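For reference, the chains in residue letters:
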Amino acid sequence: MTTGYICNIQRFSVHDGPGIRTTVFLKGCTLRCFWCHNPETIRPRPEVQFFANRCIGCAACVDACPEGAQGFDENGLRIFDRAKCVACGKCVDVCYAEALVFTAKAMTAEAVVAEILLDRAFYDNSGGGVTLSGGEPALQVEFSREILERCKAAELHTAIETAANVPWESLAALLPVTDLVMMDIKHMDSAKHRDAVGAPNALLLANARRLAETDKPILFRIPVIPTVNDTPEEIAAIAAFIRQLTELRAAQHNGMAGQPVPITLELLAFHRMAGDKYNSLGWEYRAANLTPPTKEHMAMLMDVAAAQGAVLHGR
Ligand code: SF4
Ligand code: SF4
């Protein structure tokens, strides 16, 4: 039985794969996308979030903290000295207002799946299932593998959401128990990719090619981020790469019965709803001044992607 770090188990998800699903957000990612909508999943170990707007000023955390990390300044404002915090959780335990919370908790795979199975009737009725997201599920590969194995044993549809910036062996270990792979690509220019997310794109593009050589359905979910990849040229480059993967899969399938398993593309518009999470972590929200793309701009980019020969999801 394996244990891993879970940030959240979100029931009744309708945006993370087909049907009604439970999405399990795992802790830890290899990328550092500055706009990340789930920044609490990025670091591999749990840390304490402080939501100042929930704080009722009871001072229980100040008394509980053995490191002197919690306090009030001379004006009565709550301060959290993160440099002193050793993540012991004593302040979290006494904060009944839930202004202090851990980003993640340790759980066994068995316990995660027990929670997933609570909604089995919804999966059965909607064609849904379970999605492992993050963070990067392939980072906690043994833990993810056991969750997916247990879900498959319970005859649930399984999906992973991955950035694929991991060794191929980690992804390959999950594939036998995964029905759908959802992957994102942020930029085809490696230097621009590194500027935006802190790593070049060679590894994930190589993994995308290897995924195309499997028989797994792949849905590429491309976040459209102003100043990063929201021009027609940038989306066209990503869509052309995905079309090449489709052609690669079709060539492999040549002579076999039926159609090749689909590779599709979806564009997801940037939004600014994660700002509060960055504040709670004491991080700068570098996407605060970005303007979300309009519906018209997204529609234009979808037309651009389709013109490149990529198959748009849902069209
Ligand atoms: S225990 Fe929670 S509510 Fe009370 S002062 Fe600390 S953060 Fe605020
Ligand atoms: S987690 Fe522990 S060390 Fe960190 S602020 Fe809370 S009580 Fe202090």
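Residues numbered from 1 in each chain as written. Chains lettered and ligands numbered in written order. Predicted model: local features only at pLDDT ≥ 70, side-chain atom pairs only at ≥ 80, totals over all residues. Heavy atoms only, no water.

1. Describing the side chain of His193
Note the cut-off: Helix numbering and strand numbering both begin at the N terminus, where a helix is a DSSP run of H or I of at least 4 residues and a strand a DSSP run of E of at least 2. Any two residues whose heavy atoms approach within 4.5 Å at even a single point are treated as in contact.
Inspection of the secondary structure assignment puts His193 in helix 7 (residues 190-197). In this view, His193 contacts Lys186, His187, Gly198, Ala199, Pro200, Asn201 and Leu204; residues no more than four positions away in its chain are not counted.

2. Thoughts on the pattern of salt bridges
Formally: Think of a salt bridge as a Lys or Arg side-chain nitrogen and an Asp or Glu carboxyl oxygen that are within 4 Å of each other. Only protein chains enter the accessibility calculation, which uses a 1.4 Å probe. A residue is then buried if its area is under 20% of the maximum for its type, exposed if over 50%, and partly exposed in between.
By the definition in use, this model includes 15 salt bridges. Across the salt bridge formed by Arg120 and Asp124, the nearest N and O atoms sit 3.5 Å from each other. Of this pair, Arg120 and Asp124 both sit in helix 4 (residues 120-126), four residues apart, which is roughly one turn of that helix. What makes Arg120 partly exposed here is its relative accessible area of 27%.

3. Focus: the site of ligand 1
Cut-off, in case you're wondering: Whether a residue is near a molecule or strand is decided by its heavy atoms; if any one of them lies within 4 Å of it, the residue is near. Put plainly, a pocket is an open set of points on a 1 Å grid over the protein atoms alone with protein on both sides within 12 Å along at least five of seven lines, a cavity is a set where a 1.4 Å probe fits but cannot get out, and a lining residue has an atom within 4 Å of a point. To decide whether a molecule occupies a pocket or cavity, check its atoms: if more than half lie within 2 Å of the grid points, it is inside. For this classification, the nonpolar set comprises Ala, Val, Leu, Ile, Met, Phe, Trp, Tyr, Cys and Pro, the charged set comprises Asp, Glu, Lys and Arg, and every other residue, Gly included, is treated as polar.
Neighbouring ligand 1 are Phe50, Cys55, Ile56, Gly57, Cys58, Ala59, Cys61, Arg78, Cys95, Ala97, Ala99 and Leu100. Counting atoms within 2 Å of the grid points, the majority share of ligand 1 lands in the largest cavity. Classifying every residue of the shell around ligand 1 by side-chain character gives 10 nonpolar, one polar and one charged.

4. Overview of unusual backbone geometry
Each neighbour pair has its own omega, and for Gly134 with Gly135 the value is 5 degrees, a cis peptide bond. The residue Gly135 is located in the loop between strand 8 (129-133) and helix 5 (141-153) in this model. Of note in the backbone geometry, Phe12 takes a positive phi value of approximately 60 degrees without being a glycine. A relative accessible area of 42% places Phe12 in the partly exposed class. In this structure, Glu98 takes a positive phi of about 60 degrees despite not being glycine. Here Glu98 shows up in the loop between helix 2 (90-94) and strand 6 (100-102).

5. Points about the side chain of His187
Cut-off, in case you're wondering: In protein, a polar contact means a hydrogen-donor-capable atom and an acceptor-capable atom, both N or O and within 3.5 Å, with residues adjacent in sequence counting only if both atoms are side-chain atoms; elsewhere, any N or O pair within 3.5 Å suffices.
Counting through the fold element by element, His187 comes out in the loop between strand 10 (180-183) and helix 7. Within the structure, His187 has its side chain in polar contact with the side chain of Glu234 (distance 2.8 Å).

6. Focus on helix 8 (residues 202-212)
For clarity, the cut-off: Directions are taken from the helix axis to each C-beta atom, and the arc is the one they span.
Along helix 8, the positions that sit buried rather than exposed are Leu204, Leu205, Asn207, Ala208, Leu211 and Ala212. End-on, the buried residues of helix 8 take up no more than an arc of 160 degrees, which puts them together on one face. Residues of helix 8 that are buried in the fold lie against helix 6 (168-174), strand 10, helix 7, strand 11 (218-224), helix 9 (232-253) and strand 12 (263-269).

Everything listed is a geometric property; what it means functionally is a separate question.
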